[in-house]
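Results of the structural survey
As a plain string of letters, each chain reads:
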Amino acid sequence: MGSLEEKLLEQRIKKFEELKELGVEPYPNKFEYSHTISQILERFGGFSSREFEENEKRVKTAGRIMAIRSFGKASFATISDGKHKLQFYIKKNVVDDKTFKIFKLIDIGDIVGVEGRLFRTKTGELTVLVEKLYFLSKCFLPLPEKWHGLTDIELRYRQRYLDLIVNPKVREIFETRSNIIKSIRNFLEERDYIEVETPMMHAIAGGATARPFVTHHNTLDIDLYLRIAPELYLKRLVVGGMERVYEINRNFRNEGISTRHNPEFTMVEFYQAYSDYKDLMDFTEEMFKEVADVVLGVRKFKFGEYEIDLDKWERLSLREAIIKYWDFEGDKPKFEDFKDKEKLKRLFEISGIEFDEDLSEGKLTGILFEEVVEKKLINPTIIYDYPIELSPLSKKKKDEPDYVERFELYIGGMEIANAYSELNDPFDQKERFLQQLKMKEAGDEEAHMMDEDYINALMYGMPPTAGEGIGIDRVTMLFTNSQSIREVILFPLLRPEKKTK
RNA sequence: GGGGCGUUAGCUCAGGAGGUAGAGCAACGGCCUUUUAAGCCGUGGGUCACAGGUUCGAAUCCUGUACGCCUCACCA
């Protein structure tokens with residue numbers, strides 16, 4: 001801590017002591033207000049100067065002092081309720097001496113209540129003429145600069161509270177996030193879905209291919225995994241007769257951090273019986289349109305350098321997409337090429353991607369898709385029919401058993417959702433798990449674990465079911481035009497600071 | 001984990017051919033009863049991220065470390 005910082009703190013502590021000497025209660029228990037600042041703006045924002053003169057409007061409200069403009073015997077100050085700002089005007093000849101003394105001891109950042117009548121200044125600004133001032137809490141540390149705010153990204157994430165105090169846009173992002181979740185929940189509830197909570201700590205990490213976090217339960221003396229997906233539990237509930245279930249909650253994956261990945265992230269995952277993945281394509285499209293209508297009021301919005309239009313959806317099979325977006329010299333690939341390793345090898349050579357002889361045709365096709373197509377999918381695009389090796393929990397296509405009924409939704413070059421017709425044949429599921437185990441033994445750390453109880457559940461019979469997961473953080477990125485996932489997570493994971501000072 | 005870039009006052013930023021640091025805001029002391037980036041006069045405030053090295057001399061050059069950002073890999 002620098003000596004300046006200490007000095008600023010000392011000055012504020014001294015003022016706080018002086019306030020107490022004046023008989024001010026330093027930490028009052030509550031404050032009864034007549035309106036929040038936002039309510040004052042809403043209700044009286046349209047009133048003219050004359051209306052205030054003819055019909056006196058008294059208010060009692062509170063907020064944090066954001067700025068003080070002092071004239072000796074009078075002062076203007078701006079207070080904020082976290083969302084909106086309101087100016088008050090305090091004059092020496094209107095309040096009593098003690099109140100004015102108290103005001104003079106108040107710093108930017110302190111939390112105060114004011115009571116008085118509303119008027120408009122000669123520049124037309126809605127203002128409270130203060131008659132009573134209430135001290136509510138002390139701010140001992142200086143706030144960041146008033147017009148640049150706080151821009152240091154590290155500080156903004158580590159001290160999100162400060163970020164919220166001085167950067168109103170941050171508040172808006174998280175309000176939008178809340179509205180997105182609310183509207184998704186409404187969408188599902190209106191369609192008879194039941195919200196459930198399934199375990200976050202799993203003895204077997206299943207439902208996705210990802211590396212888990214490991215923790216330990218002392219009493220049971222067992223290792224547990226933070227869940228990588230709720231999928232297998234939600235499907236157990238479908239077996240139990242909960243035909244439409246959903247969960248909105250965190251998943252944890254022990255993998256890289258980037259502008260699109262945080263180790264803990266929020267998914268809405270939902271399952272509906274007697275449906276297949278085609279039903280969910282329509283369902284998803286409808287959901288995104290509704291969320292946009294409710295949250296943004298429009299279906300077109302900017303995302304970075306792109307303009308996204310939620311009225312323009314496209315559906316392509318994974319292989320069609322590779323063909324469509326293939327822009328290398330020579331002929332485009334043909335549909336049959338993806339089953340022929342030699343042809344695939346040629347495609348890898350043409351596109352300059354490193355070819356791995358040991359991978360299956362399906363995996364290679366998946367790699368081609370990621371390399372050639374993914375980043376180009378700006379308007380909403382549903383990519384369907386995935387190679388079976390990539391999808392151990394989805395149902396095979398009837399006419400093409402090495403592909404499964406699965407789709408992913410891409411918007412703005414990001415994978416937003418993942419859905420499939422759920423595999424409900426317990427014998428097939430067991431085979432798939434065994435297949436994954438082989439991959440695990442071969443060194444694939446992300447291969448799926450065997451889950452005997454899940455097989456057992458399927459043995460009781462699961463109706464034909466379709467399920468989907470949507471990444472809430474990424475949807476929020478889209479709807480708030482945020483280029484980093486950390487902008488839409490209040491407290492993103494950062495390495496703890498080491499004290500070097 | 002690899003590569004690139006960054007870290008200077010509480011905040012936002014200048015500066016830097018090597019000669020011990022500047023501005024605005026914030027703070028402090030004055031003046032000021034309709035300002036709103038209020039204004040005017042004055043004052044204080046820095047181990048230039050940390051640790052080494054080169055040098056007569058390092059904020060500046062070199063090396064390492066920490067943290068962050070971007071990017072690649074892995075993934076959603």
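Structural data are supplied above this passage.
Along each chain, numbering runs from 1 in the same order as the chain's sequence is written. Labels are handed out in written order, letters beginning with A for the chains and numbers beginning with 1 for the ligands. The model is predicted, so local features are restricted to residues of pLDDT at least 70 and side-chain atom pairs to those at 80 or more, both for listing and for counting; the totals for chains, interfaces and linings are taken over all residues. Derived side-chain values reflect all non-hydrogen atoms in the structure, with water molecules and hydrogen atoms excluded from consideration.

This part covers the overall build of chain A. The numbering of helices and of strands both runs from the N terminus, where a helix is a DSSP run of H or I of at least 4 residues and a strand a run of E of at least 2. Check the secondary structure of chain A and you find 15 helices and 19 strands. In summary, chain A has a C-alpha radius of gyration of 29 Å against a globular reference of 23 Å for 501 residues, an excess of more than 25%. The cut-offs for exposure are 20% and 50% of the maximum accessible area for each residue type, with area from a 1.4 Å probe on protein chains only; residues under the lower value are buried, those over the upper are exposed, and the others partly exposed. Burial statistics for chain A: of 501 residues in total, 49% are counted as buried. Considering only contacts within chain A whose residues lie at least 6 apart along the sequence, 65% involve residues at least 24 apart. Each radius of gyration reported is based on C-alpha atoms, and the globular scaling rule is 2.2 Å times the count of residues to the power 0.38. Whether two residues are in contact is decided by their heavy atoms, any of which lying within 4.5 Å being enough.

Let's shift gears to the environment of Phe301. Note that Phe301 resides in strand S12 (residues 300-303). Residues Phe301 and Leu478, 177 residues apart in the sequence, show an inter-C-alpha distance of 8.5 Å. Not counting chain neighbours up to four residues away, the residues in contact with Phe301 comprise Leu296, Tyr306, Glu307, Ile308, Leu310, Leu478 and Phe479.

Across soluble globular proteins, nonpolar side chains show a tendency to be buried alongside one another. Residue types Ala, Val, Leu, Ile, Met, Phe, Trp, Tyr and Cys, when buried and joined through side-chain atoms within 4.5 Å, form a set referred to as a nonpolar core. One finds Leu188 and Phe270 to be the most contacted residues of the largest nonpolar core, which totals 47 residues. Ignoring any residue separated from it by four or fewer positions in sequence, one finds Phe270 in contact with Leu188, Tyr193, Val245, Tyr246, Leu280, Phe283, Met287, Ala466, Gly467, Glu468 and Ile470.

Taken together, 53 residues sit near RNA strand B, with Gln11, Thr123, Lys146, Trp147 and His261 positioned nearest. We call a residue near a molecule or strand when any one of its heavy atoms sits within 4 Å of it. Near the protein, within 4 Å, the atoms of RNA strand B are sugar or phosphate in 63% of cases. A distance of 3.2 Å is found between a base nitrogen of RNA strand B and a backbone nitrogen or oxygen belonging to Gly72. Two N or O atoms form a polar contact when they lie within 3.5 Å of each other; inside protein one atom must be a possible hydrogen donor and the other a possible acceptor, and for residues adjacent in sequence the pair counts only when both atoms belong to side chains. The side chain of Asn93 places a nitrogen or oxygen atom 3.4 Å from a base nitrogen of RNA strand B. Only helix H1 (3-21), strand S1 (58-70), strand S2 (74-80), strand S3 (85-91) and helix H5 (153-158) provide two or more residues apiece to the surface near RNA strand B. No other element matches H1, which puts 7 residues into the surface near RNA strand B. Each residue is assigned to one of three groups, with Ala, Val, Leu, Ile, Met, Phe, Trp, Tyr, Cys and Pro labelled nonpolar, Asp, Glu, Lys and Arg labelled charged, and all others, Gly among them, labelled polar. Across the surface near RNA strand B, the residue classes break down as 16 nonpolar, 16 polar and 21 charged.

Bringing the pattern of salt bridges into the picture now. By definition, a salt bridge exists where a carboxyl oxygen of Asp or Glu is found within 4 Å of a side-chain nitrogen of Lys or Arg. Considering all chains together, one arrives at 41 salt bridges under this definition. One salt bridge in this structure joins Asp311 and Arg299, with 2.9 Å as the shortest N-O distance. With a gap of 12 residues between them, Asp311 in the loop between strand S13 (306-309) and strand S14 (314-317) and Arg299 in the loop between helix H9 (277-295) and S12 connect regions that are remote in the sequence. Shared partners join several salt bridges into a network, and the residues in it are Arg12, Lys15, Asp107, Asp110 and Lys138.

Bringing the side chain of Lys235 into the picture now. Position of Lys235 among the secondary structure elements: in helix H8 (residues 231-239). With near-sequence residues (within four places) excluded, Lys235 lies in contact with Tyr271, Leu393, Tyr420, Glu422, Tyr454 and Met462.

Between helix H10 (residues 318-325) and helix H12 (residues 361-372), the shortest axis-to-axis distance is 10 Å and the interhelical angle comes to 45 degrees. Classified by the angle between their axes, H10 and H12 sit oblique to one another. Where H10 crosses over H12, the handedness of that crossing is left-handed. Residue-level contacts link Leu318, Arg319, Ala321, Ile322 and Tyr325 of H10 to Thr365, Leu368, Phe369 and Val372 of H12. A class-by-class count of the residues in the contact of H10 with H12 yields 7 nonpolar, 1 polar and 1 charged. Where helices are involved, their axes are fitted lines through C-alpha atoms of the stretch in contact, as for all axes, and angles between N-to-C directions lie from 0 to 180°. For classification purposes, angles smaller than 35 degrees are called roughly parallel, those larger than 145 roughly antiparallel, those between 65 and 115 roughly perpendicular, and all remaining angles oblique. If you view the pair so one helix is near and one far, a crossing is left-handed when the near helix is turned anticlockwise from the far one by less than a right angle, and right-handed when it is turned clockwise.

What follows covers the packing of aromatic side chains. Any two of the Phe, Tyr and Trp rings considered here, Trp counted by its six-membered ring, make a pair once their centres fall within 6.5 Å; the pair's planes then place it as stacked at under 30 degrees, edge-to-face at over 60, or tilted in between. Under the counting rule described, the total for this entry stands at 22 aromatic pairs. Plain terms: the ring middles of Trp326 and Phe328 are 4.8 Å apart, the flat faces sit at 65 degrees to each other, and that makes the pair edge-to-face. Owing to a relative accessible area of 3%, Trp326 belongs among the buried residues under this scheme. A connected cluster of aromatic rings, assembled from ring pairs, spans Phe187, Tyr193, Tyr246, Phe270 and Phe283. Look at NZ for Lys and CZ for Arg. If either is within 6 Å of the ring centre and within 35 degrees of the ring normal, a charge sits over the ring. Geometry around Phe187 places Arg191 over its ring, the cationic atom sitting 3.5 Å from the centre.

Moving on to the sheet that holds S3. Judged by pairing direction, the barrel is mixed, and its 5 strands sit side by side in the order S1-S2-S3-S5-S4 before closing back on the first. Ignoring strand direction, the axes of neighbouring strands in this sheet form an average angle of 55 degrees. Bridge analysis of S1 against S2 gives 6 bridges, and the strand direction is antiparallel. Paired with Ile65 across the strands is Ile79, a residue of S2. Across the face of the sheet, helix H2 (residues 37-44) comes into contact with S1, S2, S3, strand S4 (111-120) and strand S5 (126-137) while running at roughly 105 degrees to S1. Contacts from helix H4 (residues 97-104) reach S1, S2, S3 and S5 within the one sheet, and its direction differs from that of S3 by about 130 degrees. DSSP bridges decide pairing: two strands pair if at least two such bridges lie between them.

Between its terminal C-alpha atoms H12 stretches 16 Å, which fits the 16 Å expected from 12 residues at 1.5 Å a residue. Residues of H12 that are buried: Gly362, Leu364, Thr365, Gly366, Leu368, Phe369 and Val372. Turning to H12, the residues buried within the fold contact H10, helix H11 (341-351), strand S15 (381-387) and strand S17 (400-411). Given the number of residues in a helix, its expected span is that number minus one, multiplied by 1.5 Å.

A sheet is described by the order of its strands in space; here 3 strands give the open sequence S7-S9-S8, paired in antiparallel fashion. Each edge of the open sheet is held by one strand with a lone partner, namely strand S7 (201-202) and strand S8 (214-217). Examined bridge by bridge, S8 and strand S9 (residues 222-226) share 4 bridges and lie antiparallel to one another. If you follow Val214 over to S9, its bridge partner there is Tyr225.

Mapped onto the elements, Glu264 comes out in strand S11 (residues 264-273). The exposure class assigned to Glu264 is partly exposed, which follows from its relative accessible area of 33%. Taking the C-alpha atoms as reference points, Glu264 and Leu226, separated by 38 residues in sequence, lie 9.8 Å from one another. Apart from residues no more than four positions distant in its own chain, Glu264 is found in contact with Arg250, Asn251, Phe252 and Ile489.

Let us look at the pairing of S17. Taking burial as the measure, the 12 residues of S17 include 10 buried ones, the bulk of the element. With 6 bridges joining them, S15 and S17 adopt antiparallel strand pairing. Counterpart to Thr381 in the pairing with S17 is Tyr410. Relative to S17, strand S16 (residues 396-397) runs antiparallel, the two being bridged by 2 bridges. Following the sheet pairing, Lys396 is matched in S17 by Val404.

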